[in-house]
Amino acid sequence: MQRQLTDEDRAFQQEMRQFFTETVPEELRSGLSKDGEVDPDVMRRAQRLLNEHGLAVPHWPTEFGGKDWTELQRHIWRTEMQAADVPPPLAFNANMIGPVIASFGSQEQKERFLPPTANLDIWWCQGFSEPDAGSDLASLRTTAVREGDEYIVNGQKTWTTLGQFADWIFCLVRTDPNAPKKQMGISMLLIEMNSPGVTLRPIKLIDGGHEVNEVFFENVRVPADQLVGEENKGWDYAKFLLGNERVGVAPVGSIKRKLADAKAYAAQTKTATGTMLDDPLLAARIAELEAEVMALEVTVMRVAGNSKEGRPDPVSSILKLRGSELQQEVLELITDIAGPASLHWTPTDDIEEWAARSTPTYLNFRKASIYGGSNEVQRSVISGGILGLKG
Ligand SMILES: Cc1cc2nc3c(=O)[nH]c(=O)nc-3n(C[C@H](O)[C@H](O)[C@H](O)COP(=O)(O)OP(=O)(O)OC[C@H]3O[C@@H](n4cnc5c(N)ncnc54)[C@H](O)[C@@H]3O)c2cc1C
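Residues numbered from 1 in each chain as written. Predicted model: local features only at pLDDT ≥ 70, side-chain atom pairs only at ≥ 80, totals over all residues. Heavy atoms only, no water.

Under the annotation held in an unreviewed UniProt entry, the chain carries the name Alkylation response protein AidB-like acyl-CoA dehydrogenase and is attributed to Yimella lutea. Per UniProt, the chain carries the Cofactor (unreviewed entry) text "FAD". Under the heading Sequence similarities (unreviewed entry), UniProt records this for the chain: "Belongs to the acyl-CoA dehydrogenase family." (UniProt positions renumbered as here; feature names shortened; annotations may be inferred.)

So this is what it looks like as structure tokens:
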């Protein structure tokens, strides 16, 4: 595989770099408020600016704002965006439900939902997981019973990320409890969060933040035209969506940026004999991580969007696995560089913001090896589906 960029790709990279570092204003970059939580206003403004310049949903069909880019160009776009710390388009919109509606939705749904989804006029959240149905997603119990032109939905979802900002939720629901296989009785519904009978309850996380929620449905009436595709075919759409979800979870640009930050922090942290960067063990750890990130980047370039007949490649499980592991290793490194200062959680005159934030950030990103399908499950996919090993 060619790892050198052609002149044309290099020019494209320059164009992206310039846009993300010069056109996107400083106050929108980082996307996080001081306490590390997502600022919905910043997210909306950033996505709308990207959309205005045709850079929010390049992987969508061109009639709905997509670009006819090569996979390499998409990779460059994503990596430059991450490297510049620009909040990426909301994954639930851009990577998850948008492509599902574009591929399986009715024409009416495409026209109704895709433009506001690209522009973040609708904020989506993902209602897949339930208590006892995370890795074993097909065991979900939320029901939808058809009554005339409506479905009546009852049940509970959990771990609903940023549900507190969401206007709509895309949900997997059981429509045929008697189907011969549990996967065959599931449908996908689009539900307005302000529908009567929907309640949201926050879950507080270990870093002190509020990022995920429980969502309860009690006799919620959902118009039948908000069913995606065909009834009882929801499992197919969910598999398509989850494959796309994993392509986005090897954040090479962010990992590289964090690693560069780690080096800068080590260089500014004094020791008895110089700075932490002079410590050969720390330098070796950084070098090893840099080599690993480079290997991941090559793999991303080989795999990214290597769809067969529009279906995501199962190799995306490798990206999910290594991407989340490396992200965690780099955040652990930063915590180690911060040392005892990492235990303060709030900056003071003596303790810089990066050091104070390092432990909460490290703890927060333990999530990366759980969501989007846990890493243990990814290993099973890799061993069975790619290496051909029998369990
Ligand atoms: C921060 C965060 C945000 C999330 N956001 C969302 C969201 O927005 N929407 C949504 O729908 N879901 C969301 N999730 C849910 C996420 O997808 C699930 O947590 C995940 O799929 C794991 O399911 P579980 O939590 O039920 O764990 P379980 O499935 O109960 O797993 C528990 C442990 O057992 C292991 N395990 C389970 N089955 C196997 C197996 N077959 N082989 C080997 N090991 C196995 C798992 O790897 C894990 O270590 C989020 C989760 C987190 C932590």
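Before going further, it helps to examine the overall build of the chain. Counting its regular elements, the chain contains 11 helices and nine strands. Computed over C-alpha atoms, the radius of gyration of the chain comes to 22 Å, within 12% of the 21 Å expected from 2.2 N^0.38 for 391 residues, which places it in the range of a compact globule. With respect to the three principal axes, the spread of C-alpha positions in the chain is 75 × 50 × 45 Å. Relative to its full complement of 391 residues, the chain shows a buried share of 49%. In the chain, the proportion of contacts linking residues at least 24 apart, taken out of those at least 6 apart, comes to 71%. Averaging the locations of the 41 positively and 56 negatively charged side chains of the chain gives two centres separated by 4 Å. (Helix = DSSP H or I, 4+ residues; strand = E, 2+ residues; numbered from the N terminus. Rg over C-alpha atoms; globule rule 2.2 N^0.38 Å. Buried < 20%, exposed > 50% of the residue type's maximum accessible area, 1.4 Å probe, protein only. Contact = heavy atoms within 4.5 Å. Lys, Arg positive; Asp, Glu negative; His and termini not counted. Charge placed at Lys NZ, Arg CZ, Asp CG, Glu CD.)

Let us look at the nonpolar core. Of all hydrophobic cores here, the largest spans 76 residues; its most connected members are F20 and W124. Top element by residues in this core is helix 4 (residues 91-104). It accounts for eight residues. Taken together, domain 1 (7-89) and domain 2 (124-230) each give at least three residues to this core, which thus spans both. The residues touching W124, leaving out its near neighbours within four places in the chain, are L90, F92, N93, I97, I101, F113, T117, A166, W168, I169, F170 and L190. L326, I334, I337 and A355 belong to the second largest nonpolar core, which has 26 residues in total. (Core = buried A, V, L, I, M, F, W, Y, C linked by side-chain atoms within 4.5 Å. Domains from an automatic or database assignment.)

The next point concerns the packing of aromatic side chains. Tallied over the full model, the rule gives 12 aromatic pairs. Residues Y265 and W354 carry aromatic rings whose centres are separated by 3.8 Å and whose planes lie at 5 degrees to one another, so their mutual orientation is stacked. Separated by 89 residues along the polypeptide, Y265 in helix 7 (residues 252-268) and W354 in helix 10 (residues 353-364) bring together distant segments of the chain. Note on Y265: relative accessible area 17%, which makes it buried. Cluster of aromatic residues (ring-pair linked, three or more members): F113, W124, F128, W168 and F170. (Phe/Tyr/Trp six-rings, centres within 6.5 Å; stacked < 30°, edge-to-face > 60°.)

This next bit is on the domain arrangement of the chain. Examined at the domain level, the chain breaks down into domain 1 (7-89), domain 2 (124-230) and domain 3 (249-387). If you average the C-alpha positions of domain 1 and of domain 3, the two centres end up 21 Å apart.

This model, assessed by the stated rule, comprises 21 salt bridges. The residue E297 makes a salt bridge to K256 at a minimum N-O spacing of 3.0 Å. In this pair, E297 sits in helix 8 (residues 280-303) while K256 sits in helix 7, placing the two residues 41 residues apart along the sequence. (Salt bridge = Lys/Arg side-chain N within 4 Å of Asp/Glu carboxyl O.)

Our next topic: the site of the ligand. The environment of the ligand is formed by 17 residues, the closest being S135, W159, T161, S374 and E376. Between the ligand and S135 there is a distance of 2.6 Å, counted from an oxygen atom to a side-chain nitrogen or oxygen. Between W159 and the ligand, the recorded distance is 2.7 Å, taken from a backbone N or O atom to a nitrogen atom. When the free accessible area of the ligand is taken as 970 Å², the share hidden by the protein chains comes to 65%. (Near = heavy atom within 4 Å. Polar contact = N/O pair within 3.5 Å; in protein donor to acceptor, adjacent residues only side chain to side chain. Areas by Shrake-Rupley, 256 points an atom, 1.4 Å probe, with all protein chains shown as cover.)

Another point: the packing of helix 9 (residues 316-338) against helix 11 (residues 375-386). In contact at an axis separation of 9 Å, helix 9 and helix 11 are set at 145 degrees when each is read in the N-to-C sense. The handedness of the crossing between helix 9 and helix 11 is left-handed. Across the interface between the two elements, S317, I318, K320, L321, S324 and E325 from helix 9 touch N375, Q378, R379, V381, I382 and I386 from helix 11. Among the residues making up the contact of helix 9 with helix 11, the classes are represented as five nonpolar, four polar and three charged. (Axes fitted to C-alpha atoms, helices over the stretch in contact; angles between N-to-C directions. Left-handed = near helix turned anticlockwise from the far one by under 90°. Nonpolar A, V, L, I, M, F, W, Y, C, P; charged D, E, K, R; others polar.)

Among the seven residues of strand 5 (residues 186-192), six are classified as buried, and the element is accordingly described as predominantly covered. One ladder, built from seven bridges, connects strand 4 (residues 168-174) with strand 5; its direction is antiparallel. When the sheet's bridge partners are listed, V173 is paired in strand 5 with S187. (Pairing = 2+ DSSP bridges.)

So, about the side chain of R257. Relative to the elements of secondary structure, R257 occurs in helix 7. Once residues within four sequence positions are removed from consideration, R257 is found in contact with Q82, A83 and D85.

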